[in-house]
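# Summary of the model geometry
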Amino acid sequence: MTLKLGIPAGSLQEATFELFQKSGYKISVEKRSYIPRIDDEEIECLLIRAQEMARYVANGTLDAGLTGHDWIVETQSDVLEVAELRFSKVSRKPVRWVLCVPESSPIQTVQDLEGKRIATEGVGLTKQFLAKHGVNAEVEFSWGATEVKPPKLVDAIVEVTETGSSLRANNLRIVAEVLQSTTRFIANHESYKDAWKRAKIDDIVLMLRATMAAEGKVGLMMNVRKSQLPAILDLLPALKNPTISHLSDENWLAVSTIIEESMVRKLIPQLKTVGACGIVEYPISKIID
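These notes cover the structure that comes with them. (Residues numbered from 1 in each chain as written. Predicted model: local features only at pLDDT ≥ 70, side-chain atom pairs only at ≥ 80, totals over all residues. Heavy atoms only, no water.)

## Things to note about the sheet that holds strand β16 (residues 277-283)
How we decide: Pairing between strands is defined by DSSP: at least two bridges between them are needed. Only DSSP runs of H or I covering at least 4 residues are called helices, and only runs of E covering at least 2 are called strands; the numbering of each starts at the N terminus. The angle between two axes is taken between their N-to-C directions and runs from 0 to 180 degrees, where each axis is a line fitted to C-alpha atoms and a helix contributes only its stretch in contact. Two residues qualify as a contact provided that any one of their heavy atoms is within 4.5 Å of a heavy atom in the partner residue.
Taken together, 4 strands build an open sheet; the order of strands is β14-β15-β13-β16 and the sheet is antiparallel. Both edges of this open sheet fall to β14 (243-246) and β16, since each of them pairs with a single strand only. Along the sheet, successive strands turn relative to each other by an average axial angle of 20 degrees, direction set aside. Lying over the sheet, helix α9 (residues 264-273) contacts β13 (217-225), β15 (252-260) and β16, oriented at roughly 5 degrees with respect to β13.

Structure follows, in structure tokens:
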């Protein structure tokens, strides 16, 4: 049995490889090759543009794959969204498709685009957005460099952004948000009905989610006297509750917890002050609820 898995080529490729690597899958690809190697003989990978991924999963060419929610909407593909995975090439925040015009443009609202020309790579999602607002406009596909087209070539653009820096650099103003999008792990409906493939997909998703849940977190272990435990617990955040275990000396306890890594430099001195000792910080690679 083999699971045919689509890996997004392009902007998401390196972030996806990194996530799989941290999740325990060794995955690599040679230059000019579209068939990544993975150290799981039950998975067959193929590099596919995120824009096309949902179509190939929907028609069964691929059993599963990773792509943005925006491209599922754009292609109107009938796929099963197994999981939302909040990662992108820059951050863990959703990317935004935004309707933009030049700073000097008189256009202030979506309705002002009636009869105007809009350039975008997301023609389908733009037309859906305009239809919801009852606006008729000419929407043309953009092959790239979309930010430089208004006002000479088009009146407005719909473009994807994470930080907004490119829009600002081209003196563009956001009129409206068209769509927010995050990465999704998608599956073909028939493939997911197959017990073996479903189990394989669920296992992969479990490991990817566990890796993402652990990002930015570390573990802390320490020894405390029983009498000092209340003061220690007042300081400690945790995913649920700190784990407390008894030591051979009945007057002492071992306490362990998981915290945001950014809190360590502030928290450890506080713990030391209220009596914690033998404090150990250790890395967390996966968290599974």
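Okay, back to it.
## Here's the deal with α9
Threshold: Burial here depends on accessible area, computed with a 1.4 Å probe over protein chains only, as a share of the maximum for the residue type. Under 20% is buried, over 50% is exposed, and the range in between is partly exposed. Taking the helix axis as origin, the arc is that swept by the directions to the C-beta atoms.
Taken as a whole, α9 has its buried residues at Val 264, Leu 267 and Leu 271. Looking straight down α9, one finds that the buried residues subtend no more than 70 degrees of arc, so they occupy a single side. Facing away from the buried side of α9, by more than 90 degrees, are the exposed residues Arg 265, Lys 266, Lys 272 and Thr 273. Tucked inside the fold, the buried residues of α9 contact β13, α8 (229-235), β15 and β16. Two residues or fewer after α9 comes Gly 275, characterised by a positive phi angle close to 115 degrees.

## Examining the sheet that holds strand β1 (residues 3-9)
Neighbouring strands of a sheet are bound in pairs by backbone hydrogen bonds; such pairs are parallel or else antiparallel. Read across the sheet, 5 strands follow the order β4-β1-β5-β12-β6 without closing on themselves; strand pairing throughout is mixed. With one partner strand each, in any of the chains shown, β4 (43-49) and β6 (80-85) form the two edges of the open sheet. Across this sheet, the average inter-strand angle for adjacent strands is 30 degrees, counted without regard to direction. The strands that helix α2 (residues 50-58) touches are β1, β4, β5 (64-68) and β12 (183-187); relative to β4, the one it contacts most, it runs at about 130 degrees. Against the sheet, helix α7 (residues 195-214) contacts β1, β4, β5, β6 and β12, and its axis sits at roughly 15 degrees relative to β6.

## A look at the packing of aromatic side chains
Formally: The rule is short: rings of Phe, Tyr and Trp, with Trp giving its six-membered ring, pair when the centres are within 6.5 Å, and they are stacked under 30 degrees, edge-to-face over 60, tilted in between. Geometrically, a charge over a ring is one whose NZ (Lys) or CZ (Arg) sits within 6 Å of the ring centre while staying within 35 degrees of the ring normal.
Applying the stated criterion to the full structure yields 3 aromatic pairs. Ring centres 4.8 Å apart and planes at 85 degrees place the aromatic pair Phe 141 and Trp 143 in the edge-to-face group. By relative accessible area, which is 37% here, Phe 141 ends up partly exposed. Judged by relative accessible area, which is 80%, Trp 143 ranks as exposed. The ring of Tyr 56 has Arg 55 sitting right over it, with the charged end atom 5.2 Å from the ring centre.

Read these as spatial facts, not as claims about activity.
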